[in-house]
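Coordinates in review
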Amino acid sequence: MKRLVILICAVCALLAVTSCGKSDEVPPVADKIPSKYKLPDPQTLTDSDRALIDSLQKEYDQNVR
């Protein structure tokens, strides 16, 4: 029994010493970082969309005052 405990402690100590020998704390720097981003093309509003937005804006303005 004593031999088993010593063996288990030795294996745990060996694993603890060798597990984190060469860990990278910082990720590697990316060589190609994009500097330009493509935004989607804007969509024009229809008359019904514009009317809905205007009515919501009027309702908001009336309730804020």
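Note that the coordinates shown come from a computational prediction; the quantities given were computed from them, not determined experimentally.

Calculation notes
Residues numbered from 1 in each chain as written. Predicted model: local features only at pLDDT ≥ 70, side-chain atom pairs only at ≥ 80, totals over all residues. Heavy atoms only, no water. Helix = DSSP H or I, 4+ residues; strand = E, 2+ residues; numbered from the N terminus. Rg over C-alpha atoms; globule rule 2.2 N^0.38 Å. Buried < 20%, exposed > 50% of the residue type's maximum accessible area, 1.4 Å probe, protein only. Areas by Shrake-Rupley, 256 points an atom, 1.4 Å probe, with all protein chains shown as cover. Lys, Arg positive; Asp, Glu negative; His and termini not counted. Charge placed at Lys NZ, Arg CZ, Asp CG, Glu CD. Salt bridge = Lys/Arg side-chain N within 4 Å of Asp/Glu carboxyl O.

What about the overall build of the chain?
- Per the secondary structure count, the chain includes two helices and zero strands.
- Computed over the C-alpha atoms, the radius of gyration of the chain is 33 Å, more than 25% above the 11 Å expected from 2.2 N^0.38 for a compact globule of 65 residues.
- Counting only C-alpha atoms and orienting by the principal axes, one finds that the chain spans roughly 85 × 40 × 20 Å.
- Burial analysis of the chain (65 residues in total) assigns 0% to the buried set.
- For the chain, the accessible surface area stands at approximately 7,300 Å², while carbon and sulfur atoms represent 62% of it.
- Across the chain, 9 positive and 9 negative side-chain charges occur, with their mean positions spaced 16 Å apart.

Considerations on the pattern of salt bridges
- Enumeration according to the criterion identifies one salt bridge in this entry.
- Asp41 is the partner of Lys38 in a salt bridge, and the nearest nitrogen-oxygen pair spans 3.4 Å.
- Taking the relative accessible area as the measure of exposure, Asp41 reaches 61% and is therefore exposed.

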